[in-house]
Structure formats: C-alpha cells, structure tokens
Amino acid sequence: MAERIIKLPDVGEGIAEAELVEWHVKIGDIIREDDLLAAVMTDKATVEIPSPVDGEVTWIGAEIGDTVAIGSALVKLKVAGAAGAEEPAAAPEAPREAPKPGSKPAAAAEAPAAKAEALKAEASKPAPTVEPPKAMTVPKPTRGVVQATAQNPAPRRAPGEKPLASPAVRLRAREAGIDLRQLSGTGPAGRILHEDLDAFLLRGPEAERAPGLSQKSAVTDIKVVGLRRKIAEKMALSKSRIPHITIVEEINVTPLEDLRATLNKKPAPERPKLTLLPFLMRAMVKAISEQPNLNALYDDDAGVIHQHAGIHIGIATQTPTGLMVPVVKHAEARDVWGCGIELNRIAERARDGTATRDELTGSTITITSLGALGGIATTPVINYPEVAIVGVNKMMIRPVWDGTTFVPRKMMNLSSSFDHRVIDGWDAAIFVQRLKELLENPATLFIDV
C-alpha cells in the first residue's frame, strides 16, 4: 500500500484560497474514484472536490470554516501500491498425510461412539421430582378509596380524563405549569384541593410540568461558516459604514395587477408569465435615468463615487444555502419581458447552486422582496458598496378614500433605504415618488421617451 496526498485544486481564475464548508468523508472511510471529498466556497460559489483515486482516508487537513490555500494538502489516502508491492501471500499449510484406501478419518470414526455414550448417560439420569403446587392466598378486595402514599403513588389519569378541581385550583396549576392529571385529590369524590397542589409542589424537581411548559437548558453551538459567515460580514460592514435613511411609501398597485393579469393570459416562450418585479425593475430604470446618482458605488476608503451608466439590478434571493444576490445585467436595455426572462434564469441558477461568479457580482442597485411573507414595512440593509436598495412588502386589499367613499384597492408599501452620505433625503424622496407614479400608472412603463 502507498500514501496519496490530495491537494486543493485551482477552483477559479485568480483564486488563491477557499473556505472549507463541508466534509463528505472522515478518517477511516473507504472511497472510490470520483466520490466527493469536500466542498469549498469562494466568492459565494461552492465547489465540490472529488477524489481522483480509490483509497482509505487516513488524514484530514482542515476543519470546517478553515481557509485553505490552493495547492495545500487536503486529504491523505492509503491506496494500492505500484506493481509488485502486493500484500504477502499467506504461508502454505503443511501437506496432510493421505488416508489409506478404505480407512475413515479419526474424527468421523469417533463421532458415532461419542454420540452413543452421551445418549446412554442421559437415559441413566433419575427423573426429576415434581412437588405439588402450594396453595396461594388471595387477599380479599377492600371497599373504599385507597389514598396515595409515598410507597403507593396515585396512578396518573388517562389522557382526556378531566380531574375534579375548583377554578382557583386550576388557575394556580396553570400558572405553575402543573398538569392536574398527575395529582390525586383528597377532597370529596376525588376533588383536588389547594392542599393537594401544595403537597405536589413540595416534591420540587419531581413535579412534572404540563407539555410545552417544561424548563429546558440545552445549548446548541452552531459554527458560522461558509455563505452564512460571508453574509454576516457583508451586513456588519454595511451597517457599520453606511448611515441608512429609510423611506416607506404606500403604492396603489390595483392598475398594475390588472395589467399584469391581462398580459399573463397568453404566455409564450418569448413572453413568460410576469411577476411584479419586472415592472418594478423597469420603473427603477426610468427613475434612475432622471437621478443617475442612485445608480452608484461609493468607495469610502478612496472618497470616490463610481456612477454607472449601465443599470445592473441585484435581486436578493433566498436559496437552500442562504441569501444570494444574482444580478440582472443591463436592465436599461431590457423590456418588461426581457427583465422577467433574465430574472427567472439567474434566480433558478442561484437556487440550484450553478450560478457563476459573474452572475452573482457587479450589481449597482438592489431589490429585496419577501413576497407574501413580507410585512407591512421593512428597513432593508444596503448591499455595500451600493448607495440604495428598494424593498417590496406584502400586497394587501385595503379601503382607500377616493374623495367620496371608501373603495377596496390592492395596496403595497415600498421600503427604500439610501446611503445618507451620498443621497440627500430630498433626492431619496423624489426617487420614491417617481417609483410610485410609474407603478400606479403602469402604461407609462411601456413608453420610451
């Protein structure tokens, strides 16, 4: 047998190190070629490392959460050696003497005789003496109620059986988290009294609490690694450096929802079903054309604002491994259906873990949406180093005053946050009001001016 060292391969151009996020093997495992050894992550892209050979894992070079340099030893395997290095063959047994013709092996010849002797000895044993059974004394049943004692505790009532107790006793038991079915009452007809509850409470830790009210002291330690750690670092950086200002505006999306339902009646490959987000993306494109300072990245270390002509909208997307932000590049060059097609494509790639580094980077402004799970209002955290983020909240039917009466309308709040170092409150308010105007008059989204 020989030792084979598996090193961390080059997982991407310009990548010098990667974070180990998952082990698929442990020491002592027997693996085959192409079995997965580990998973590493870099720039939010997870890469699985397969084994190039068969072998047994004898050494593991890192723990989950460690940063491993490209080319470093990752795993050591015990593999089959080169030709001629085979395991030594077992020593041959000494030849046995061939039996003579007509003779039987000694063991075969002795077996019948031994069996006959055993049967003879068994037959000569005397039969066991069977004593007559002793008379059993059966106690007579006693009348009356048997009170519970420390040696004879009361049986627990069957599930669903309601114990007798006054409302005051039930209130005390409920506040103390005591299941009254555990107590035996000493009052008339087995009624549970305050004295019974006091005696039960004196038992201390033995008292069994009602379901859901028992004390728990377990602590589970979960190491923050991989994508979760990167998200934590990004959010901490954003909140520590960016002074956020958030504006919440109410939008009447009834006309937009009516238009969307009409457009979705006849979907086609080139025109898929539309959600609200492609309309919002087009509204943001139009609003940014009037306020380009919203489509920027702020390098606060260098004191430079990088204002972009191309509008690359990041879409915060929940995936099985955590929050990712795939990017719809050049939204300014896409119509509503083009935004919808690209949004569906990159979101699906993010969820199934096949999104590339380029598809997950390069955003200049971000949308975050919790859909039907969202609240009335949120305070989105800006995707550093961007300067603005638009948050979509839950859509609800609410009564709206139209000047003469209240009418039902589909209403939705937009919660938008801005970097107050770069975006003044006045400019932020103008941007939000422009989004409101465009979404409440959705036909204007299709007019190019």
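Residue indices follow the written sequence of each chain, beginning from 1 at its first position. Residues qualify for local features only when their pLDDT is at least 70, as the model is predicted, and side-chain atom pairs are given and counted only at 80 or more; totals for whole chains, interfaces and linings, by contrast, use all residues. Calculated side-chain values reflect all of the structure's heavy atoms, with hydrogen atoms and water omitted.

With that settled, consider helix α6 (residues 276-290). In this model, α6 (15 residues) spans 22 Å end to end at C-alpha, consistent with the 21 Å of a helix rising 1.5 Å per residue. Throughout this description, buried means an accessible area under 20% of the type-specific maximum (1.4 Å probe, protein chains only), exposed means over 50%, and partly exposed covers the range between. Strands are runs of DSSP state E lasting at least two residues, helices are runs of H or I lasting at least four, and both sets are numbered from the N terminus onward. With 13 of 15 residues buried, α6 is to be regarded as a mostly interior element. The definition of a polar contact used here is a pair of N or O atoms within 3.5 Å, where within protein one atom must be able to donate a hydrogen and the other to accept one, and adjacent residues in sequence count solely through side-chain atom pairs. By the N-cap criterion, in which a side-chain oxygen at the helix start approaches the backbone nitrogen of a residue two or three places on, α6 is capped by threonine 275, the distance to leucine 277 being 3.4 Å. Under the convention used throughout, the expected extent of a helix is 1.5 Å for every residue step, that is, one less than its residue count.

Let's shift gears to the environment of glycine 55. Among the structural elements, glycine 55 can be located in strand β6 (residues 55-60). Taking the relative accessible area as the measure of exposure, glycine 55 reaches 11% and is therefore buried. Along the chain, glycine 55 and glutamate 3 lie 52 residues apart, while their C-alpha atoms are 9.1 Å from each other. Every residue pair with non-hydrogen atoms within 4.5 Å of one another is taken to be in contact. Among all residues touching glycine 55, those that are not within four sequence positions of it are Asp29, Ile30, Ile31, Lys78 and Val79.

What follows deals with the sheet that holds β6. DSSP-based pairing: two strands are paired if at least 2 bridges between them are found. An order of β1-β8-β6-β3 is seen for the four strands of this open sheet, with the pairing classed as antiparallel. Lying at the two open borders of the sheet, with one neighbouring strand each, are β1 (2-7) and β3 (30-31). When β6 meets strand β8 (residues 73-79), the two strands line up antiparallel, connected through four bridges. Bridge pairing in β8 places glutamate 56 opposite lysine 78.

The next point concerns unusual backbone geometry. Of note, the amide linkage connecting tyrosine 384 to proline 385 takes the cis form, showing an omega dihedral of 5 degrees. Of note, proline 385 is situated in the loop between β15 (365-369) and β16 (388-401). In this model, aspartate 34 sits at a positive phi of 80 degrees, which is unusual for a non-glycine residue. Positionally, aspartate 34 belongs in the loop between β3 and β4 (36-42). Judged by its relative accessible area of 56%, aspartate 34 falls in the exposed class. Phi at histidine 330 takes a positive value of approximately 50 degrees, unusual for a residue other than glycine. On the secondary structure map, histidine 330 appears in the loop between β14 (327-328) and α7 (336-351). Of the residues examined, histidine 330 reaches a relative accessible area of 40% and is grouped as partly exposed.

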